[in-house]
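# Remarks on the overall topology
One letter stands for each residue in the lines below.
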Amino acid sequence: MTRVFILEDEAPAAKRLSKLIAQAEADCEIVGMADSVKATVKWLSANPAPDLAFFDIQVADGLSFEVFDWVEMPCPVIFCTAYDEYAIKAFKVNSIDYLLKPADLDEVKAAIAKYKALKGTQGPITETIQSLSKSHKERFLIKIGEHIKTVATEDILYFYSVDKATFAHTISGQNYLLDPSLEKVEKMVDPKLFFRINRKYLISIAAINDIVSYSNSRLRILLKDSKEMDAVVARERVAEFKGWLDR
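In this text the structure is predicted, and so the values were computed from the model without any measurement. (Residues numbered from 1 in each chain as written. Predicted model: local features only at pLDDT ≥ 70, side-chain atom pairs only at ≥ 80, totals over all residues. Heavy atoms only, no water.)

## Focus on the sheet that holds strand 15 (residues 208-213)
For clarity, the threshold we go by: Only when DSSP finds a minimum of two bridges between them are two strands counted as paired. Here a strand is any run of E in DSSP of at least two residues, a helix any run of H or I of at least four, and the numbering for each starts at the N terminus. The contact rule is simple, with two residues in contact once any of their heavy atoms fall within 4.5 Å. Lines fitted to C-alpha atoms define the axes here, with helix axes fitted over just the stretch in contact, and angles between the N-to-C directions of these axes take values from 0 to 180 degrees.
The three strands lie next to each other as 15-16-17, forming an open sheet whose pairing is antiparallel. Strands with a single pairing partner mark the edges of an open sheet, and in this sheet they are strand 15 and strand 17 (232-233). The pairing of strand 16 (residues 219-223) with strand 17 spans two bridges and is antiparallel. Along strand 17, the bridge assignment pairs arginine 220 with valine 232. Those strands touched by helix 8 (residues 238-245) are strand 15, strand 16 and strand 17, and its axis lies near 140° from that of strand 15.

Here you go:
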């Protein structure tokens, strides 16, 4: 059974899409629906991951791409929208197809068939799609009181965790609270540019001021604009870290 989630802010369109999905593939089950970015993030955070999602792009509280700023999308997405100007952006995320409204039964069938074809490839489907797109997160959404801003990933020196909260430290010296966990952030950024040195720190190559030999064959990293003493490369990660540096 393929578990499907739908993001669509127009009730008639959501009903029509649900019907088309059921007609296109008998083993598809609609396990969740939402009409906004906020509701989608809440649902994905509280429920088992669906196998496939259908997203409208322009919804009540913004663009559905914003979902990717708040959660690590656990499944591939088929975008279904009335606008074609977002196609390139769609394929930079977990997208496997882009349908223009009103999509017909044959188009929905073809999109689901594409999903099933990718699912049959070696390895998890999300890894397959990500390897094809080779895209990494370009910016993070930041909430400051009632305001929202974005911070470019290239402007972040390192990410760190404190009491289960995740922060980004920027080249301008600012610390911003992020919604995703450090584990999720690690999967979002380019591994060529960021390295998880221990449970607390995910650092960029640009963040390193100095590297000093430390006890028990470990390495201590002196980070730019930081007086923290626990930026130590875990012993089991030292060899991999040196390989990352010597790329």
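Having seen the model, we can carry on.
## Brief notes about the nonpolar core
Put simply, the rule reads: By nonpolar core is meant a set of buried Ala, Val, Leu, Ile, Met, Phe, Trp, Tyr and Cys residues that side-chain atoms within 4.5 Å join together. Remark: exposure states derive from per-residue accessible area (1.4 Å probe, protein chains only) relative to the maximum for the residue type, with buried under 20%, exposed over 50%, and partly exposed in between.
Among the nonpolar cores identified, the biggest contains 22 residues, and Phe55, Val67, Met73 and Phe79 are the most heavily contacted of them. Residue assignment for this core shows that the elements contributing at least two residues are strand 1 (2-7), helix 2 (37-46), strand 3 (52-55), helix 3 (67-70) and strand 6 (77-81). Beyond its immediate chain neighbours, meaning those up to four positions away, valine 67 contacts Leu7, Val37, Thr40, Val41, Leu44, Phe55 and Met73. Core analysis: the next-biggest nonpolar cluster, separate from the first, contains 19 residues, Leu17, Ile78, Cys80 and Leu118 among them.

## Here's the deal with the sheet that holds strand 12 (residues 175-178)
The strand order 12-11-10-14-13 describes an open sheet built from five strands, whose pairing is antiparallel. If you trace the sheet from one side to the other, it starts and ends with strand 12 and strand 13 (194-196), each paired once. Strand after strand, the sheet turns through a mean of 20° between neighbouring axes, direction not considered. For strand 13 and strand 14 (residues 201-204), the ladder comprises three bridges, and the chain directions are antiparallel. Across the sheet, arginine 196 pairs through a bridge with leucine 202, a residue of strand 14. Its contacts with the sheet put helix 8 on strand 13 and strand 14, and the angle it makes with strand 13 is roughly 175°.

## Regarding the environment of isoleucine 208
Relative to the helices and strands, isoleucine 208 resides in strand 15. Considered as a pair, isoleucine 208 and lysine 224 are 16 residues apart in the sequence and their alpha carbons are 6.1 Å apart. In this structure, isoleucine 208 is in contact with Ile203, Ile221, Leu222, Lys224, Phe241, Trp244 and Leu245, ignoring residues within four places of it in sequence.

## Details of helix 5 (residues 105-119)
To be explicit about the condition: A helix is expected to reach a length of 1.5 Å times the quantity of its residues less one. Throughout, the arc means that of the directions going from the helix axis to the C-beta atoms. What qualifies as a polar contact is a pair of N or O atoms within 3.5 Å, subject to a donor-acceptor requirement within protein and to the restriction that residues adjacent in sequence count only when both atoms come from side chains.
In this model helix 5 runs 21 Å from its N-terminal to its C-terminal C-alpha over 15 residues, within 8% of the 21 Å that 1.5 Å per residue would give. Looking at helix 5, one finds that the buried residues are Val108, Ala111, Ile112, Tyr115 and Leu118. Seen along its axis, helix 5 keeps its buried residues to an arc of 120°; they face one direction. What points out from helix 5, more than 90 degrees from its buried face, is the exposed set Asp106 and Ala117. Near the N-terminus of helix 5, the side chain that reaches the backbone nitrogen of aspartate 106, with its oxygen 3.2 Å away, is that of aspartate 104.

## Focus on unusual backbone geometry
A cis amide bond links lysine 101 with the next residue in sequence, proline 102, at an omega value of -5°. By the secondary structure assignment, proline 102 is in the loop between strand 7 (95-100) and helix 5. Non-glycine residue lysine 164 carries a positive phi angle of around 70°. Residue lysine 164 is classed as exposed on the basis of its relative accessible area of 83%.

## Considering the environment of asparagine 175
Among the secondary structure elements, asparagine 175 is positioned in strand 12. Here the alpha-carbon distance between asparagine 175 and phenylalanine 159, two residues 16 residues apart in the chain, equals 9.1 Å. Among all residues touching asparagine 175, those that are not within four sequence positions of it are Tyr160, Ala168 and His169. Within the local environment of asparagine 175, its side chain forms a polar contact with the side chain of tyrosine 160, the two groups lying 3.1 Å apart.

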